[in-house]
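# Structural overview for review
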Amino acid sequence: MDVKVRVLVCDGVAKKAVQQLTGQGFEVEETKALAEDDLIRKLSANPAECLIVRSSTKVTRKVFESVNCLKLVGRAGVGVDNIDVKAATGAKVKVMNTPGGNSNAVIELTVGFILCLARQIPKADRTMKEGRWEKKTMMGIEVKGKVLGLVGVGRIGCEVARRARALGMEVLGYDPYLAAAVLKDACEPVASLQDIYRRSDFISIHTPLTDETRGLVGSEAFALMKDGVRIVNAARGGILDEEALLKALNTGKVAGAALDVYSEEPPRQGALLEDDRLILTPHIGAATGESQDTCADMLADQVIQFFAKNRAINVVN
Ligand code: 9EZ
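Below, the structure is looked at part by part. (Residues numbered from 1 in each chain as written. Predicted model: local features only at pLDDT ≥ 70, side-chain atom pairs only at ≥ 80, totals over all residues. Heavy atoms only, no water.)

## Some thoughts on the overall build of the protein
Applied cut-off: Numbered from the N terminus, helices here are DSSP runs of H or I no shorter than four residues, and strands are runs of E no shorter than two. For every residue, the accessible area (1.4 Å probe, protein chains only) is compared with the maximum for its type, and the residue is labelled buried under 20%, exposed over 50%, or partly exposed between those bounds. Contact definition: two residues touch when any of their heavy atoms are within 4.5 Å. The accessible surface values rely on the Shrake-Rupley method and a 1.4 Å probe; as for residues, cover is taken only from the protein chains in view. Only four residue types enter the tally: Lys and Arg on the positive side, Asp and Glu on the negative side; His and the chain ends are excluded. Charge positions come from single atoms, namely NZ of Lys, CZ of Arg, CG of Asp or CD of Glu.
When its secondary structure is counted, the protein shows twelve helices and twelve strands. If you line up the protein on its principal axes, its C-alpha atoms span 75 × 50 × 30 Å. Per-residue burial for the protein yields a buried fraction of 46% across its 317 residues. Expressed as a percentage of contacts within the protein between residues at least 6 apart in sequence, the contacts between residues at least 24 apart total 59%. A total of about 16100 Å² of accessible surface is found on the protein, and carbon and sulfur atoms cover 52% of it. A distance of 2 Å separates the average location of the 42 positive side-chain charges in the protein from that of its 41 negative side-chain charges.

## A look at the sheet that holds strand β11 (residues 254–259)
As a reminder, the rule being used: Two strands qualify as a pair provided that DSSP identifies no fewer than 2 bridges between them. Angles shown run from 0 to 180 degrees and are taken between the N-to-C directions of axes, each axis being a line fitted to C-alpha atoms and, for helices, limited to the stretch in contact.
The parallel open sheet is built from seven strands, whose spatial order is β8-β7-β6-β9-β10-β11-β12. Across the chains shown, the open sheet's two edge strands, defined by having one partner strand only, are β8 (188–189) and β12 (278–280). With five bridges joining them, strand β6 (residues 147–151) and strand β7 (residues 170–174) adopt parallel strand pairing. Counted as the bridge partner of V151 is Y174 from β7. Running at roughly 150° to strand β10 (residues 229–233), helix α5 (residues 103–119) makes contact with β6, β9 (202–205), β10, β11 and β12 of the sheet. Against the sheet, helix α7 (residues 155–166) contacts β6, β7 and β8, and its axis sits at roughly 175° relative to β6.

## Here we look at the packing of α5 against α7
Relative placement of two packed helices is described by the angle separating their axes and the distance separating the axes. The cut-off we apply is this: In what follows, roughly perpendicular refers to angles from 65 to 115 degrees, roughly parallel to angles under 35, roughly antiparallel to angles over 145, and oblique to any angle outside these ranges. Each crossing gets its hand from how the near helix is turned against the far one by less than a right angle, where anticlockwise is left-handed and clockwise is right-handed.
Put simply, α5 and α7 touch, their axes get as near as 9 Å, and they point 45° apart. With respect to their mutual orientation, α5 and α7 come out oblique. Regarding α5 and α7, the two cross each other, and that crossing is right-handed. Contact residues: α5 offers S103, N104, V106, I107, T110 and V111, while α7 offers R155, I156, E159, V160 and R163.

## Description of the site of the ligand
Heads up, the condition is: Note on terminology: near, applied to a residue and a molecule or strand, indicates that one of the residue's heavy atoms is within 4 Å of it. Here the nonpolar group is Ala, Val, Leu, Ile, Met, Phe, Trp, Tyr, Cys and Pro; Asp, Glu, Lys and Arg are the charged ones; every other residue, Gly included, is treated as polar.
With respect to spatial proximity, the complete set of residues near the ligand consists of V151, G152, Y174, D175, P176, Y177, T207, P208, T213 and L216. Coverage of the ligand by the protein chains reaches 82% of its 340 Å² of free accessible surface. Each residue belonging to the shell around the ligand can be placed in one class, and the counts come to six nonpolar, three polar and one charged.

## What to know about the environment of R119
Within the fold, R119 resides in helix α5. Here the alpha-carbon distance between R119 and S56, two residues 63 residues apart in the chain, equals 34 Å. Setting aside anything within four residues of it in sequence, one finds R119 in contact with M138, G140 and I141.

## As for α7
Selection rule: A helix is expected to span 1.5 Å multiplied by its residue count minus one. The directions considered for the arc run from the helix axis to the C-beta atoms.
Between its first and last C-alpha, α7 extends 17 Å over twelve residues, near the 16 Å set by a 1.5 Å rise per residue. Residues of α7 that are buried: G157, V160, A161 and A164. Buried residues of α7, viewed axially, fall in a sector of 110°; they line one side. Exposed residues pointing more than 90 degrees away from the buried face of α7 are listed as R155, R162 and A166. Contacts made by the buried residues of α7 are with α5, β6 and β7. Looking one or two places after α7, you find G168, whose phi comes out positive at around 85°.

## Digging into the packing of aromatic side chains
Let me state the cut-off plainly: Stacked, edge-to-face and tilted labels apply to pairs of Phe, Tyr and Trp rings (six-membered ring for Trp) whose centres lie within 6.5 Å, assigned for plane angles under 30 degrees, over 60, and everything in between, in that order.
Going through the model one piece at a time under the given rule, you end up with two aromatic pairs. Relative to F307, the ring of F26 has its centre 5.8 Å away and its plane inclined at 70°; by these criteria the two rings are edge-to-face. Of this pair, F26 sits in the loop between α1 (15–23) and β2 (27–30) while F307 sits in helix α12 (residues 289–314), placing them 281 residues apart in sequence. On the basis of relative accessible area, F307 is assigned to the buried category, the value being 1%. Where F306 meets F307, the ring centres are 5.0 Å apart and the plane angle is 85°; that geometry is what we call edge-to-face. The structure contains a cluster of three or more aromatic residues connected by ring pairs, namely F26, F306 and F307.

## A short note on the side chain of T127
Along the chain, T127 falls in helix α6 (residues 121–129). For T127, a relative accessible area of 6% translates into the label buried. Apart from the residues lying within four places of it in its own chain, the contact partners of T127 are R132, E134 and M138.

Honestly, that's just the spatial picture; any functional story needs more than this.
See the structure below:
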């Protein structure tokens, strides 16, 4: 590499990735999360061919239309919600992310949610800290022998299934994009979502957010579910209809739900935040050191590959 490729790293992406890029001869500058105008100012003053972000920095259309140095934007994480991919494509800027880099963190959070819903662990902790020894309202259930229904059985759903089986659960799975033959090692494939809703004691969502899955678990779905069902969503906000969930809690249809993601983040103060049967976390699915390291490594590898391939045509002397 004669002229060093400049990389601007925002949002505190894992150190290992920065070291890896520096070691490969990239010139890396690290900065905190930048607002739109600050990002444009920064890239105009000191052009970089590559921009790396996590979640905080939004790479908007205005960014792509205001600067012409970028060849590649990489997101250390799953999905590209904070990057305007259409605008990037229009500006001939490649966009990359790290599918699967967060999977194990999400898998383990899901298992934690299932056990918390079964035993009310968060509420038990809270009452202790409030100075009470409250055993009477803490009666739980065991997951052994219960049916877990998976809505979506991709990378994450599949591994949740294995762990749930290790806990003695019976696991049903529905995924319209995967053949039953592929699913049947991980779970019992069922032919329809209705089968999941009718038979499950726990339901966990593991789909992406698409036009097809937005609002998928709503009032019609709840109407089919068993009384006392428990719901987990650590996938994406908006797949589960929160208003329908609150109604289903109020009628007693749903005994509890654990949510890491919301249709609006952070969710507005309201009924969602007040019900003890809801276990709520602030989108921490990917928040493990291991997951951040894995995503950063995956992205650094891809960035190195990209410039190894494309460098020659990008250098203008
Ligand atoms: C949709 C899905 C799973 C699903 C899975 C994947 C795009 N997509 N959609 C509805 N990969 C279950 C129900």
